[in-house]
Amino acid sequence: MRKITAGLFISLDGVVGEPGDWHFPYFNDEMGIAVSSQMETADTMLFGRKTYDSFAGAWPEREAAGGEDAGFAKALGDARKIVVSRQNLEFSWRNSEQLKGDLVEAVTALKNEPGTGDIALSGSVSVVRQLLAAGLLDQLSLLVHPIAVRNGLRLFDEGEWSIPLRLESSQAFSTGVLHLVYAPDESTSAGSYDDAKAHLSQSESS
C-alpha cells in the first residue's frame with residue numbers, strides 16, 4: 001500500500017492559511033531541505049484546487065526560466081498531479097488530472113494502486129483534514145513557525161472526535177522553526193486525571 005504524506009507551514013497558534021503573508025522571513029536552507037525531502041519520495045501529488053492554482057501559476061514558469069529551482073520545478077511538473085475540486089477543471093500544467101468521485105473512496109483506491117512512490121500533499125488544508133479524519137494520512141509534517149498570526153484558517157477545526165498522533169521526529173532550525181513529523185497513533189488509550197496524578201506520584205517518588 002502506498003504512503004500518503006502531508007506537509008504544512010503552521011504558526012505557533014495553529015494558523016495554516018495564507019502562509020505567504022508570514023512564512024518567508026523564516027525560510028532558509030534547512031527548511032528547503034525539509035520541504036524537498038517530502039517531495040523526493042513522491043511520484044504523485046494530491047492538491048486542493050486553491051493550492052493547485054498557486055503551484056500551477058508559479059512552478060511551470062520557474063522550470064522554463066531555468067533558475068536555481070528549475071530542477072525542483074521539473075520534478076513537480078513530471079509528477080502525477082491530482083486535483084480535488086467540485087468544479088469541472090481544465091489543465092495546462094502537464095500530468096494534471098481531476099479526482100473523480102468521493103474523496104475517501106478515490107484516495108483509498110489510489111493508495112492501493114501498484115507502485116512504491118509516496119502520494120504527497122503540500123498545503124491543501126481541507127483535503128488534509130478529510131484524510132486525517134478518514135484515517136488515510138500516514139504522515140503529517142509540520143513546520144511550526146515561531147509567530148502567532150492571530151487570525152486566519154487553522155489546521156484543526158471543531159469536530160466530534162479527537163485525532164491522536166504519534167511524534168516520529170523533531171528538529172529545531174536556526175530560525176526557531178520546529179520541524180515536527182507525526183503519524184497516526186492507534187495505540188492511544190483513554191486516560192483520566194487520576195491516571196495523570198498516579199504518573200506524577202511515581203515520578204516524584206523515583
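See the structure above.
Small disclaimer: the values here were computed from a predicted structure and weren't measured. Chains are numbered independently. Their residues run from 1 in the order of the written sequence. With the structure being a predicted model, the display of local features is reserved for residues of pLDDT at least 70 and the display and counting of side-chain atom pairs for 80 or more, all residues being used for whole-chain, interface and lining totals. Only heavy atoms go into the side-chain values, all of them from the structure, while hydrogens and water stay out.

**Observations regarding the overall build of the chain**
Thinking step 1. Every helix listed is a DSSP run of H or I at least four residues long, and every strand listed is a run of E at least two residues long, numbered separately from the N terminus. Regarding its fold elements, the chain presents seven helices and eight strands.
Thinking step 2. Principal axes of the C-alpha set define a box for the chain whose edges measure 65 × 40 × 35 Å.
Thinking step 3. Burial here depends on accessible area, computed with a 1.4 Å probe over protein chains only, as a share of the maximum for the residue type. Under 20% is buried, over 50% is exposed, and the range in between is partly exposed. Counting the 206 residues in the chain, one finds 39% classified as buried.
Thinking step 4. We call two residues in contact whenever any of their non-hydrogen atoms come within 4.5 Å of each other. By sequence separation, contacts in the chain at least 24 residues apart represent 70% of the contacts at least 6 residues apart.
Thinking step 5. In short, Shrake-Rupley with a 1.4 Å probe defines the accessible areas, and a residue's cover is counted only from the protein chains shown. When the accessible area of the chain is evaluated, it comes to approximately 12200 Å², of which 51% is carbon and sulfur surface.

**Quick look at the pattern of salt bridges**
Thinking step 1. By convention in these notes, a salt bridge is any Lys or Arg side-chain nitrogen within 4 Å of a carboxyl oxygen on Asp or Glu. Counting across every chain of the model gives 14 salt bridges.
Thinking step 2. We note a salt bridge from Asp 78 to Lys 74, for which the minimum N-O separation is 2.5 Å. Of this pair, Asp 78 and Lys 74 both sit in helix H4 (residues 70–78), four residues apart, which is roughly one turn of that helix.
Thinking step 3. A residue is classified by how much of its surface remains accessible, and Asp 78, at 39% relative accessible area, is partly exposed.
Thinking step 4. Linking Asp 157 and Arg 129 is a salt bridge whose minimum nitrogen-to-oxygen distance equals 3.4 Å. One end of the pair, Asp 157, is in the loop between strand E6 (139–145) and strand E7 (165–172); the other, Arg 129, is in helix H6 (residues 125–134), and 28 residues separate them in sequence.

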